Amino acid sequence: MHIVLATHTRIPALRYGGTERIIAWLGRALAEKGHVVGLLGPAGSTWHYGPLTVIEPARPLEAQIPREADVFHSHIGLDPDFDGKACQTIHGNAAGARLHRNSIFVSADHAARHGGTAFVHNGLDPRVYPEPDLGHGGKSLAFLAKAAWKVKNVRGAIRVARKAGRRLDVLGGYRLNLKMGLRLTLDPNARFHGMVDDAGKADVLGRSAGLLFPVRWHEPFGLAVIEAMYFGLPVFATPYGSLPELVPQHVGCLSDKGDVLVEAIRDIGRFDRAAIHAHFQENFTAERMTARYLSLYERIEAGESLHSTSFTAPAAPHQGLLPWTD
């Protein structure tokens, strides 16, 4: 099959870039299964799995689909009325948007909240990280997200870590943040590492005791969660969005109350790091993700639709930050 993926950001991402990394891992895994995988993306991208076509932002996306594509897979939207053999992955929350009939979401909860049913869990390529040391316990906790976003709740994570008697390594943010207003975090218990690449994440996650992920929105997926699982880290998070799908009881603790997470962290020794890593391997590798996408591509190539028609996602029932107490 000749598959063309589309993005408006460079591949690969040098530091932060969850969607870009998913696209790169998907392309690589598809090519390893014998498919030709083209990329419609910006100049400066590096792509080894098929033709690279430079996207023209001023032109309609659908007019730039290469003729040889059997299936076109957009990660940057799709005209809801487009009638070709194409699909789109919705990576974020798109309440109120009109969506193409072949829209794919990144978790069951994500699909249901948008009025859809088709979803594929994200997966990561374990080859980007060293083999995890599942025998050590670690001391510090890790926070991995864009700390500048209030919905990621870095301040709540810092307070939980302090109460639990653990230091917190913040990956994805700076102590002084000027991008979204003046924010200065003075708490010395938190160490800020800025935006880190895969090697930087591996260094910190590989020696951490667990992941704190107390988000205050409906998380569409949560790539940081499965990255932590790869290293065998238990996950302490809120029960919003996809997180109940990703984090069963033997992998972590979910609560919107910081004190509940504190108590779970104090009992962190009950979690089996090898079992957490096995949960990752069974569910969240790039190979598993790719197999699921291929099953949908085959349906689309055969002329099927993933949903009967285009549809409009319901408006978000909750505005603002979701409940959290610490």
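Before any of the text, the structure's been laid out above.
In this text the structure is predicted, and so the values were computed from the model without any measurement.

Criteria and cut-off values
Residues numbered from 1 in each chain as written. Predicted model: local features only at pLDDT ≥ 70, side-chain atom pairs only at ≥ 80, totals over all residues. Heavy atoms only, no water. Phe/Tyr/Trp six-rings, centres within 6.5 Å; stacked < 30°, edge-to-face > 60°. Helix = DSSP H or I, 4+ residues; strand = E, 2+ residues; numbered from the N terminus. Buried < 20%, exposed > 50% of the residue type's maximum accessible area, 1.4 Å probe, protein only. Salt bridge = Lys/Arg side-chain N within 4 Å of Asp/Glu carboxyl O.

K.L.:
Which residues make up the packing of aromatic side chains, and what are the values?
P.N.:
With the rule as written, the count across this model stands at 10 aromatic pairs. Between Tyr-293 and Tyr-297 the ring centres are 6.0 Å apart and the planes differ by 20°, which places this aromatic pair in the stacked class. With Tyr-293 and Tyr-297 both in helix H9 (residues 286–301) and four residues apart, this pair spans about one turn of that helix. Residue Tyr-293 is classed as buried on the basis of its relative accessible area, which comes to 0%. Judged by its relative accessible area of 0%, Tyr-297 is buried.

K.L.:
An account of the pattern of salt bridges is requested, with residue identities and associated values reported.
P.N.:
Inspection of every chain in the model, using the stated rule, returns 21 salt bridges. Residue Glu-32 is joined to Arg-127 by a salt bridge in which the shortest nitrogen-to-oxygen separation is 3.0 Å. Of this pair, Glu-32 sits in helix H1 (residues 18–32) while Arg-127 sits in the loop between helix H2 (108–113) and strand E8 (141–144), placing them 95 residues apart in sequence. Measuring nitrogen to oxygen at the nearest pair gives 2.7 Å for the salt bridge that ties Asp-109 to Arg-113. Of the two residues, Asp-109 and Arg-113 both sit in helix H2, four residues apart, roughly one turn of that helix. By relative accessible area, Asp-109 is classed as partly exposed at 23%. For Arg-113, a relative accessible area of 24% gives the class partly exposed. Taken together, the shared-partner salt bridges in this structure form one network comprising Arg-21, Asp-198, Lys-201 and Glu-227.

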